[in-house]
2 protein chains.
Amino acid sequence: MHPVLIDGHWRPADATGSFTATNPATGESLADAYPVSSANDVEEALAAAARAFCEWEKLPRSALADFLRKYADLVDQRAETIARAAHEETGLPYEPRLKGVELPRTTGQLRQAADACLDPAWRLPVIDEAANLRSVLQPIGPVLVLGPNNFPLAFNGISGGDFAAAVAAGCPVIAKAHRSHPTTSRLLAEAAHEAAADLPPGSVQMIFAVDHADGLAMVADPRLGAAAFTGSRSGGLRLKRAADEVGKPFFAELSAINPVIVLPGTLVERFDAMVDETATSGLMGAGQFCTNPGLIITLAGDDTERFVAAVAERYAAAAPQPLLGPGVLKCLAESVSTLQAAGAKLIQGGEAAEGAAIAHQNTLLRIDGAAFLAQPDALQTEAFGPCTLVAVCDDIEQVRQVLSTLEGSLTGCIYSATDGSDDAAYDELAPVLAARVGRLLNDKMPTGVAVSPAMNHGGPFPATGHPHFTAVGLPAACRRFTRLACFDNVRPHRLPAILR
Amino acid sequence: MHPVLIDGHWRPADATGSFTATNPATGESLADAYPVSSANDVEEALAAAARAFCEWEKLPRSALADFLRKYADLVDQRAETIARAAHEETGLPYEPRLKGVELPRTTGQLRQAADACLDPAWRLPVIDEAANLRSVLQPIGPVLVLGPNNFPLAFNGISGGDFAAAVAAGCPVIAKAHRSHPTTSRLLAEAAHEAAADLPPGSVQMIFAVDHADGLAMVADPRLGAAAFTGSRSGGLRLKRAADEVGKPFFAELSAINPVIVLPGTLVERFDAMVDETATSGLMGAGQFCTNPGLIITLAGDDTERFVAAVAERYAAAAPQPLLGPGVLKCLAESVSTLQAAGAKLIQGGEAAEGAAIAHQNTLLRIDGAAFLAQPDALQTEAFGPCTLVAVCDDIEQVRQVLSTLEGSLTGCIYSATDGSDDAAYDELAPVLAARVGRLLNDKMPTGVAVSPAMNHGGPFPATGHPHFTAVGLPAACRRFTRLACFDNVRPHRLPAILR
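Keep in mind it's a predicted model, so treat the numbers as computed, not measured.

Analysis parameters
- Residues numbered from 1 in each chain as written.
- Chains lettered and ligands numbered in written order.
- Predicted model: local features only at pLDDT ≥ 70, side-chain atom pairs only at ≥ 80, totals over all residues.
- Heavy atoms only, no water.
- Contact = heavy atoms within 4.5 Å.
- Buried area = accessible area lost by both parts, 1.4 Å probe.
- Salt bridge = Lys/Arg side-chain N within 4 Å of Asp/Glu carboxyl O.
- Polar contact = N/O pair within 3.5 Å; in protein donor to acceptor, adjacent residues only side chain to side chain.
- Helix = DSSP H or I, 4+ residues; strand = E, 2+ residues; numbered from the N terminus.
- Nonpolar A, V, L, I, M, F, W, Y, C, P; charged D, E, K, R; others polar.
- Pairing = 2+ DSSP bridges.
- Least-squares fit on C-alpha atoms with pLDDT ≥ 70 in both.
- Domains from an automatic or database assignment.
- Core = buried A, V, L, I, M, F, W, Y, C linked by side-chain atoms within 4.5 Å.
- Buried < 20%, exposed > 50% of the residue type's maximum accessible area, 1.4 Å probe, protein only.
- Axes fitted to C-alpha atoms, helices over the stretch in contact; angles between N-to-C directions.
- Arc of directions from axis to C-beta.
- Disulfide = S-S within 2.5 Å.

**Examining the interface of chain B and chain A**
Logical step 1: The interface is formed by 56 residues belonging to chain B together with 56 residues belonging to chain A.
Logical step 2: Around 4,900 Å² of area is buried between chain B and chain A when both sides are counted, 50% of it from carbon and sulfur atoms.
Logical step 3: In terms of surface lost to chain A, no three residues of chain B exceed His468(B), Leu484(B) and Arg494(B), which account for 14% of the buried area on that side.
Logical step 4: Connecting chain B to chain A are ten salt bridges.
Logical step 5: A salt bridge links Arg241(B) to Glu245(A), with the nearest nitrogen and oxygen atoms 3.1 Å apart.
Logical step 6: On the surface where chain B and chain A come into contact, there are 48 residue pairs in polar contact (both at pLDDT 80 or more).
Logical step 7: Contributing elements (two or more residues each) for the side of chain B that touches chain A: strand E7 (126–128), strand E8 (133–139), helix H8 (233–245), helix H16 (423–434), strand E20 (437–442) and strand E21 (482–488) of chain B.
Logical step 8: Here the side of chain B that touches chain A gets seven residues from one element, more than from any other, and that element is E21(B).
Logical step 9: When its residues are assigned to classes, the side of chain B that touches chain A shows 27 nonpolar, 14 polar and 15 charged.
Logical step 10: Sheet topology places strand E21 (residues 482–488) of chain A next to E20(B); three bridges connect them, and they run parallel.

Dropping the structure here:
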């Protein structure tokens, strides 16, 4: 059984159990066994992180930047090994997805975080000399990062955006691997550990799994400054409740259906492109993107009938891709059932795919606007995977009503004609949609999440736990892991350097 | 029975009951009767606020600034009437406290908020032209403000810091008055309503009271963007839970004991000043400040004995001031009992004051460091009112241990000698204290909360619900009432002006 990384050492876990990952392409269990850590492991990790945090407060920011750059270099050097492990554990393509796109994105984020370490501006320092009062965003304390299944590198607890942002904010990280890709996580953690040789022990730690109760205790522990979670709604809400109860900031990315409105002029002006963009975005990564467009909203008409048929054809023609694991397949099947039970009609797919791989048919469902409005809660069930629901509305007012029933999403998009024919509809719908999403798009599918300082990967609940913050985009993502600290009449030599 | 201000009109409440305030100086009920609003009133207020919010998005920011300035002018014109009502309802001195200090502070905040309306910088706009991606903090939606009992003007739901910050952020406000000062709240709401004549109905609304269940439903309502609460820990936590359950930002200021460490050199260098500052700050406003120094931590020794005796003398000599209401007196008596039951010894006071006024003796308690460490939870019970606990520790290590048991507070202070003799102790203690407070002070009591852009009136739980935000200090306080909004490939003419 593989060891855990606690307090600066790889050492045997105090294990209450073990698990192995599954190769989604074959459905077979992988050989490496990983521990489920006990409360003792959790306790030691928390204590070590708290000690490291005290030491970090004395470190120059450049030491953190150096760590992040060294780490990025090591990951780049080991790109092939890491991406192969991720491919084996997730079924995602080795190229271009993992090695060519996600790994460079990951190391790019680490290097951007290194830059953020050295940039004081995002900490929003304010100095009022007359009142002898100063404030600045300070690191919040050790951060627990719980990464999701769908981005084994770029959102991994030990290498992803939350990790990078927390370190850049000045917070040691305890990473919990996702059970679907422990070897990928271990290889990354090994690189992180090597890169952190000059940092205090406990600066970066990795445990592979904990029991539910230990996870709940962990997010509520007073030594923890904050937690960041990306994953399922049910698991995230349990942890959020435990954190909320003790007023612990818990940054959760939970669920999103990412509505896309296709106004009629779009289908007139660029029918083929619209079909292509819908199918490509809907099936990207077997639909396992946080920003997957799960709900397409259209107006009834011949063009929409042709559009639905053409997308269905594309879904039928595309070979089902492996899902990330058996749990994803099970949830997806349940969601498809829920949608059908609420009145959605199956146009294409709908079943698990045949063969050894863990996969599901590319699935297209359809509902009329009036039927959507009869059961809006059930019909906005997230179907994580290659599944898209098309809602066909009678008119713009019905679209508005559908939008007004929607919970928060990460993204929302409106496609409209360039000749102005959809402009009145756009003006009617955009404010209703914008209030419900973190990122509003025009004429573009939401699946790409650029690592840009202007990005918002966030949004109203349940897309995330707090709509003020973003999980992607540096340096803004660092702000989650800070608290506002004010210094009143503090003697000059005792002030943080940034406030002198 | 007085009417409520809903949807642009003063109209009779749909009342489930009524209440009157008490004059703390006489203990008698005041004549004016105010309604407890039903769920129908709440529903209408929420619907009106949601409509107003849609209209506000189309308004120029200058319209909000104009409103805030007009409102401030009206409050200044009616200063005498408003301050007299506040005096009658709260027992706080008419001069200088209410008319001379708190009222000008209130109108000053409103005018600073007007400036914040016109300043786009605090919204943190970011434009990435290459990626055609833009983000900015946008108003979060209608805000419910629940004001506390202790600042009837500067923290009133209809005129205080939260109100001003929400309006400046672009959010219509539903204010719930505090039951202890409804007439003050009504007079302010009348001025707000007149000043808002050019704004849509529902821009500023006032209800006087609601039943518990309606309050819980209100903070969780999807039409509400956020809520801001200042008040008791138990009431705030109930509302926070309801808001957390649906992922609604709930900015709560709940509880704080505001530890003050007096290092030995201070008593050598400036004994008399230290006694004076302790007694003045501890008894200011009858101790009913969020930033009241409830716990003084000292080192055992002759100087400390003299210090405790001198403070006790000051507490005995000062006449008990009226408390804000019978509820405050009851809670204070319970807290004093809790502290005594946990081992604190009474040095001075300890009982309700004699006479018609609602008042409590100025109370000083004492505990040894070891005894504090035996029951740290009970001994950090907030005793809201003129009550101070002095913890006398054996050594700096014991002080450190005491500090490490403390929950979050708004403020924390260390007094130290100027000759360097306390510097080692300071360096040992300051990081432990700083991690637990929103504002760290040197050589200064915490009761003054300057309205400065560099202020932080916030801190770790349970001082507030989220340590990233401040309730005082513009424009920073506005950020609470915003969500991050990103615009991806949005056509230029559809962008908010700030992002074009």
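**A few points about the relation of the copies chain B and chain A**
Logical step 1: The transform that puts chain B on chain A rotates by 180° and translates by 0.0 Å along the axis, for an RMSD of 0.0 Å. Such values leave the two copies arranged in the relation of a two-fold axis. Taking C-alpha positions as reference, the residue of chain B nearest the rotation axis is Asp244(B), located at 3.4 Å.
Logical step 2: An overlap of 100% is found between the interface residues of chain B and their copies at the interface of chain A, pointing to a shared contact surface.

**Considerations on the domain arrangement of chain A**
Residue and element names in this part refer to chain A.
Logical step 1: Split by domain assignment, chain A resolves into domain 1 (4–254 + 464–499) and domain 2 (260–442).
Logical step 2: The C-alpha-based centres of domain 1 and domain 2 are spaced at 33 Å.
Logical step 3: Residue-level contacts link 18 residues of domain 1 with 16 residues of domain 2.
Logical step 4: Here domain 1 and domain 2 share an interface that buries about 1,300 Å² over both sides, 59% of which is from carbon and sulfur atoms.
Logical step 5: The largest contributions to the domain 1 side of the interface with domain 2 come from Pro-24, Asn-149 and Asn-150, which together make up 33% of the buried area.
Logical step 6: For the pair domain 1 and domain 2, the number of links is one salt bridge.

**Some thoughts on the nonpolar core**
Logical step 1: Core analysis: the biggest nonpolar cluster contains 272 residues, and Tyr71(A), Phe481(A), Tyr71(B) and Phe481(B) have the highest contact counts within it.
Logical step 2: Per element, the largest residue contribution to this core is nine residues, and it comes from helix H2 (residues 61–77) of chain A.
Logical step 3: Residues within four places of Tyr71(B) in sequence aside, it is in contact with Leu110(B), Ile158(B), Ser159(B), Phe163(B), Leu188(B), Ala191(B), Ala192(B) and Ala195(B).

**Side note on the sheet that holds strand E7 (residues 126–128) of chain A**
Logical step 1: What the ten strands build is an open sheet, ordered E7(A)-E8(A)-E21(A)-E20(B)-E19(B)-E14(B)-E15(B)-E18(B)-E17(B)-E16(B); its pairing is mixed. Of all strands in the sheet, those bounded by a partner on one side alone are E7 of chain A together with strand E16 (345–348) of chain B. Strand after strand, the sheet turns through a mean of 25° between neighbouring axes, direction not considered.
Logical step 2: Here E7(A) runs beside strand E8 (residues 133–139) of chain A; their pairing, made up of three bridges, is antiparallel. Note on E8(A): the bridge partner recorded for Asp128(A) is Leu133(A).

**Notes on helix H15 (residues 396–404) of chain A**
Along an α-helix, residues three or four apart share an orientation, since each turn contains 3.6 residues.
Residue and element names in this part refer to chain A.
Logical step 1: Within the sequence span of H15, burial applies to Ile-396, Gln-398, Val-399, Val-402 and Leu-403. Down the axis of H15, the smallest arc covering the buried residues is 155°, so these residues share one side.
Logical step 2: On its buried side, H15 packs onto strand E14 (260–262), strand E15 (295–299), helix H13 (369–374), strand E18 (387–393) and helix H16 (423–434).

**A closer look at the environment of Leu46(A)**
Residues and elements named next belong to chain A.
Logical step 1: Summarising the element assignment, Leu-46 is placed in helix H1 (residues 39–56).
Logical step 2: Sequence separation between Leu-46 and Arg-223 is 177 residues, and the spatial gap between their C-alpha atoms is 6.6 Å.
Logical step 3: Sequence-distant contacts of Leu-46, defined by excluding residues within four places in its chain, comprise Ile-174, Met-218, Asp-221, Arg-223 and Leu-224.

**Section: the side chain of Arg439(B)**
Logical step 1: Along the chain, Arg439(B) falls in strand E20.
Logical step 2: For Arg439(B), the side chain forms a polar contact with the side chain of Asp488(A), separated by 2.5 Å.
Logical step 3: Polar contacts involving the side chain of Arg439(B) include one to the main-chain carbonyl oxygen of Gly448(B), which spans 3.3 Å.
Logical step 4: Non-local contacts of Arg439(B), meaning those with residues more than four positions away in its chain, are made with Leu133(A), Cys486(A), Asp488(A), Thr291(B), Leu410(B), Thr411(B), Gly412(B), Pro446(B), Gly448(B), Val449(B), Met455(B) and Asn456(B).

**A word on the pairing of E21(A)**
All names here are of chain A.
Logical step 1: The buried fraction of E21 amounts to seven of the seven residues, a majority that puts the element mostly inside the structure.
Logical step 2: Side chains Thr-482, Leu-484, Cys-486 and Asp-488 project from E21 onto one buried face, and the interleaved Arg-483, Ala-485 and Phe-487 project onto a second face that is buried too.
Logical step 3: Direction of pairing for E8 relative to E21: antiparallel, over a ladder of seven bridges. From the neighbouring strand, Arg-134 faces E21, where its bridge partner is Phe-487.

**Some thoughts on the pattern of salt bridges**
Logical step 1: Inspection of every chain in the model, using the stated rule, returns 60 salt bridges over all chains.
Logical step 2: In this structure, Asp41(B) engages Arg11(B) in a salt bridge whose closest nitrogen and oxygen atoms are separated by 2.9 Å. Of this pair, Asp41(B) sits in helix H1 (residues 39–56) while Arg11(B) is found in strand E2 (residues 9–11), placing the two residues 30 residues apart along the sequence.
Logical step 3: We classify Asp41(B) as buried; its relative accessible area is 1%.
Logical step 4: Within the structure, one salt-bridge network assembled from shared partners comprises Arg11(A), Asp41(A) and Glu44(A).

**Observations concerning the state of the cysteines**
All names here are of chain A.
Logical step 1: Per the counting criterion, the structure on display carries zero disulfides over all chains.
Logical step 2: This cysteine, Cys-171, is not joined by any disulfide, and Cys-478 carries the nearest cysteine sulfur, 9.1 Å off.
Logical step 3: For Cys-171, a relative accessible area of 0% puts it in the buried group.

**Overview of the side chain of Thr363(A)**
All names here are of chain A.
Logical step 1: With respect to the helices, strands and loops of the structure, Thr-363 is situated in strand E17 (residues 363–368).
Logical step 2: Side chain to side chain, Thr-363 and His-360 meet in a polar contact 3.4 Å long.
Logical step 3: If we skip the residues at most four places from it in the chain, Thr-363 touches Tyr-315, Leu-346, Gln-348, Gly-349, Gly-350, Pro-386, Cys-387 and Thr-388.

**Observations regarding unusual backbone geometry**
Logical step 1: The linkage connecting Glu95(B) with the following residue, Pro96(B), adopts the cis geometry, with an omega of -5°.
Logical step 2: Mapped onto the elements of the fold, Pro96(B) is located in helix H4 (residues 94–118).
Logical step 3: Cis geometry is found at the peptide bond from Phe461(B) to Pro462(B), where omega equals 0°.
Logical step 4: Relative to the helices and strands, Pro462(B) is located in the loop between E20 and E21.
Logical step 5: In this model, Asp7(A) sits at a positive phi of 55°, which is unusual for a non-glycine residue.
Logical step 6: Its place among the elements puts Asp7(A) in the loop between strand E1 (4–6) and strand E2 (9–11).
Logical step 7: Residue classification places Asp7(A) among the partly exposed positions, given a relative accessible area of 24%.
Logical step 8: Located in the positive-phi region is Asp443(B), a residue other than glycine, with phi close to 60°.

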